[in-house]
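# What the coordinates show
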Amino acid sequence: MSLLALDGPAVDGHLYTRLTGLAQRAPGWLDGLVTAWSDYGLALFAVLMLAAWWRARAAADPARTATALAAPLVVVLAFLADTGVKSLFREQRPCQTLHAVTLEACPPLGDWSFPSNHAAIAAAAAAALWVTDRRLAAIAVPAALLMAFSRVWVGAHYPHDVVIGLAVGAAIAWLLTRAARRATPLVQRLGSSPLRPLVAPR
């Protein structure tokens, strides 16, 4: 049995329409940049997680390597958890409910809005990187916030969708990535196995 999520227009529908209205009046180059980020920006987090693994491996730091290797799995688990929340709280997209003109084509009925998967994935990657590599996290954290904002700007989500998406992704990733440090002894053992190149330089 599904639950009624939230009455989106009553929560922050006015803010949503103000932001999508601004998007309609914004210069085309700005809308193009935000739309491109909204569509393809998640690739940056994959690159940052790869860089985190490479830096941890080069430093021969088993604890950092353990969390870096866990980061992609942590992000997938955060995505699955966020999708599970969507299946409970079946909130229609704001572009369907409010019939707003948006930069992004309005998803079909049944493609639920609450919470935002994009925001959850970005926040999960940022949180995992915060535990693993603060230098890379300094890029990932503002990038995650920008991803969340872009999803409202293009019209795909209410503001509360992206706020809760950020919270779900960050909370799950923070806990799981810290727990991944318990795999440090395993990483140390791999260092003397044929899988050494995965966890340490030659």
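Shown above is the structure to which this text applies.
In this text, all values refer to a predicted model and were calculated from it rather than measured experimentally. (Residues numbered from 1 in each chain as written. Predicted model: local features only at pLDDT ≥ 70, side-chain atom pairs only at ≥ 80, totals over all residues. Heavy atoms only, no water.)

## Some thoughts on the side chain of Thr102
To keep things clear, this is the line we draw: For helices the rule is a DSSP run of H or I covering at least 4 residues; for strands it is a run of E covering at least 2, with both sets numbered from the N terminus onward. In protein, a polar contact means a hydrogen-donor-capable atom and an acceptor-capable atom, both N or O and within 3.5 Å, with residues adjacent in sequence counting only if both atoms are side-chain atoms; elsewhere, any N or O pair within 3.5 Å suffices. Here a residue-residue contact requires only that any non-hydrogen atoms of the pair lie within 4.5 Å.
Mapped onto the secondary structure, Thr102 falls in the loop between helix 5 (94-97) and helix 6 (117-132). Engagement of the side chain of Thr102 in a polar contact is seen with the backbone oxygen of Glu104, the distance being 2.6 Å. With sequence-adjacent residues up to four places away left out, Thr102 is seen in contact with Tyr16, Thr20, Gln24, Cys95, Val154 and Gly155.

## Topic: the side chain of Ser150
Note on placement: Ser150 falls in helix 7 (residues 134-153). Residues within four places of Ser150 in sequence aside, it is in contact with Val34, Trp37 and Ser38.

## Concerning the pattern of salt bridges
Note on pairing: side chains with opposite charge can pair once their charged atoms come close. Just so we agree on the cut-off: What counts as a salt bridge is simple: a side-chain nitrogen of Lys or Arg found within 4 Å of a carboxyl oxygen of Asp or Glu. Categorising residues by exposure relies on relative accessible area from a 1.4 Å probe, with only protein chains included: less than 20% of the type maximum marks a residue as buried, more than 50% marks it as exposed, and the intermediate range marks it as partly exposed.
Going through the model one piece at a time under the given rule, you end up with 4 salt bridges. For Asp111, the salt bridge identified is with Arg93, shortest N-O distance 2.9 Å. With a gap of 18 residues between them, Asp111 in the loop between helix 5 and helix 6 and Arg93 in the loop between helix 4 (62-88) and helix 5 connect regions that are remote in the sequence. Residue classification places Asp111 among the partly exposed positions, given a relative accessible area of 32%. Across the pair Arg151 and Glu104 runs a salt bridge whose closest N-O atoms are separated by 3.1 Å. Note that Arg151 is positioned in helix 7 and Glu104 in the loop between helix 5 and helix 6, a separation of 47 residues in sequence. Overall, the relative accessible area of 5% leaves Arg151 in the buried class. Because the salt bridges share partners, they merge into one network encompassing Arg55, Arg64 and Asp133.

## Re the packing of helix 6 against helix 8 (residues 159-179)
Note the threshold: Working convention: axes come from line fits to C-alpha atoms, limited for helices to the stretch in contact. Angles between N-to-C directions cover 0 to 180 degrees. Left-handed describes a crossing whose near helix is turned anticlockwise from the far helix through less than a right angle; right-handed describes the clockwise counterpart. Each residue is assigned to one of three groups, with Ala, Val, Leu, Ile, Met, Phe, Trp, Tyr, Cys and Pro labelled nonpolar, Asp, Glu, Lys and Arg labelled charged, and all others, Gly among them, labelled polar.
For the pair helix 6 and helix 8, the least separation of the axes is 7 Å and the interaxial angle reads 35°. The handedness of the crossing between helix 6 and helix 8 comes out as right-handed. Here helix 6 contributes Ala119, Ala120, Ala123, Ala124, Ala127, Ala128, Trp130, Val131 and Thr132 to the contact with helix 8, which in turn contributes Val162, Gly165, Leu166, Gly169, Ala170, Ala173, Trp174, Thr177 and Arg178. In terms of residue class, the contact of helix 6 with helix 8 is built from 13 nonpolar, 4 polar and 1 charged.

## Focus on the nonpolar core
The criterion, for reference: Definition used in this section: a nonpolar core is a set of buried Ala, Val, Leu, Ile, Met, Phe, Trp, Tyr and Cys residues joined via side-chain atoms within 4.5 Å.
Core analysis: the biggest nonpolar cluster contains 26 residues, and Phe45, Met49, Val75, Leu129 and Ala140 have the highest contact counts within it. For this core, the secondary structure elements donating two or more residues are helix 3 (42-58), helix 4, helix 6 and helix 7. Looking at this core element by element, the count peaks at 8 residues for helix 6.

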